[in-house]
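Coordinate analysis (summary)
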Amino acid sequence: LDDAEAQVTGYAPGKGKYEGMTGALLVRTPEGLSFKLGSGLSDADRRQPPAVGSWVTYRYQGLHDSGLPRFARFWRVREEGTPPSPTR
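Anyway, here's the lowdown on the structure attached to this text. What you see is a predicted model; the values in this text were computed from it and never measured. (Residues numbered from 1 in each chain as written. Predicted model: local features only at pLDDT ≥ 70, side-chain atom pairs only at ≥ 80, totals over all residues. Heavy atoms only, no water.)

1. Re the overall build of the protein chain
Applied cut-off: Only DSSP runs of H or I covering at least 4 residues are called helices, and only runs of E covering at least 2 are called strands; the numbering of each starts at the N terminus. Radius of gyration here is computed from C-alpha atoms only, and the compact-globule reference equals 2.2 Å multiplied by the residue count raised to the power 0.38. Three labels apply to residues, based on accessible area from a 1.4 Å probe with only protein chains included: buried if under 20% of the type maximum, exposed if over 50%, partly exposed otherwise in between. Contact criterion: two residues are considered in contact whenever any of their non-hydrogen atoms come within 4.5 Å of each other.
Helices and strands together make up the secondary structure of the protein chain, namely 1 helix and 5 strands. Reading the secondary structure of the protein chain in the N-to-C direction produces β-β-β-α-β-β. A compact globule built from 88 residues would reach a C-alpha radius of gyration of about 12 Å, and the protein chain, at 12 Å, matches this within 12%. For the protein chain, the residues scored as buried account for 35% of the 88 residues in total. Sequence-distant contacts in the protein chain: of pairs separated by 6 or more residues, those separated by 24 or more amount to 50%.

Here it is in structure tokens:
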């Protein structure tokens, strides 16, 4: 497994059992790629999601041809708070 950081830019609403909660975090990588990050969020994370502008760490298994991470899932809020520099 690989891990990387992305900045929270917004939220997607939850559906089904997550109605009224955050369904996924909308995130952007330091390289400028945007995607949804929903897997790995606990019910507590969905009720009180990381603030817009905060950085989170996610884990993934390789990259799609588009450069987006495969099977990305939330891991934790990045405590340092400073944005990482692009590595790719």
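Structure's up, so let's keep going.
2. Let's talk about the environment of Asp3
Mapped onto the elements of the fold, Asp3 is located in strand β1 (residues 2-13). Between the alpha carbons of Asp3 and Gly32 there is a distance of 16 Å; along the sequence they are 29 residues apart. Other than its neighbours up to four places away in sequence, Asp3 contacts Thr57, Tyr58, Arg59, Tyr60 and Trp75.

3. Let's talk about the sheet that holds strand β2 (residues 22-28)
For clarity, the cut-off: Note on pairing: DSSP must find at least two bridges between two strands before they are called paired. Here an axis means a line fitted to C-alpha atoms, over the contact stretch when the element is a helix, while the angle between two N-to-C directions is reported on a 0 to 180 degree scale.
Here we have 5 strands laid out as an open sheet, ordered β3-β2-β1-β4-β5, and antiparallel in their pairing. The strands lining the two open edges of the sheet, one partner per strand, are β3 (34-37) and β5 (73-77). Taking each pair of neighbouring strands and ignoring which way they run, the sheet shows an average axis angle of 45°.

4. Some details on the pattern of salt bridges
For clarity, the cut-off: Salt bridge, as used here, is a side-chain nitrogen of Lys or Arg placed within 4 Å of a carboxyl oxygen of Asp or Glu.
Throughout the structure, instances matching the rule amount to 1 salt bridge. Here Glu5 and Arg78 are joined by a salt bridge, their closest N and O atoms 4.0 Å apart. Residue Glu5 is found in strand β1, and its partner Arg78 is found in the segment after β5; the two are separated by 73 residues along the sequence. On the basis of relative accessibility, which here comes to 17%, the residue Arg78 falls in the buried class.

5. Overview of the side chain of Thr29
With respect to the helices, strands and loops of the structure, Thr29 is situated in the loop between β2 and β3. Judged by its relative accessible area of 8%, Thr29 is buried. If near-sequence neighbours (up to four positions away) are discounted, Thr29 is found in contact with Glu5, Ala6, Phe35 and Tyr58.

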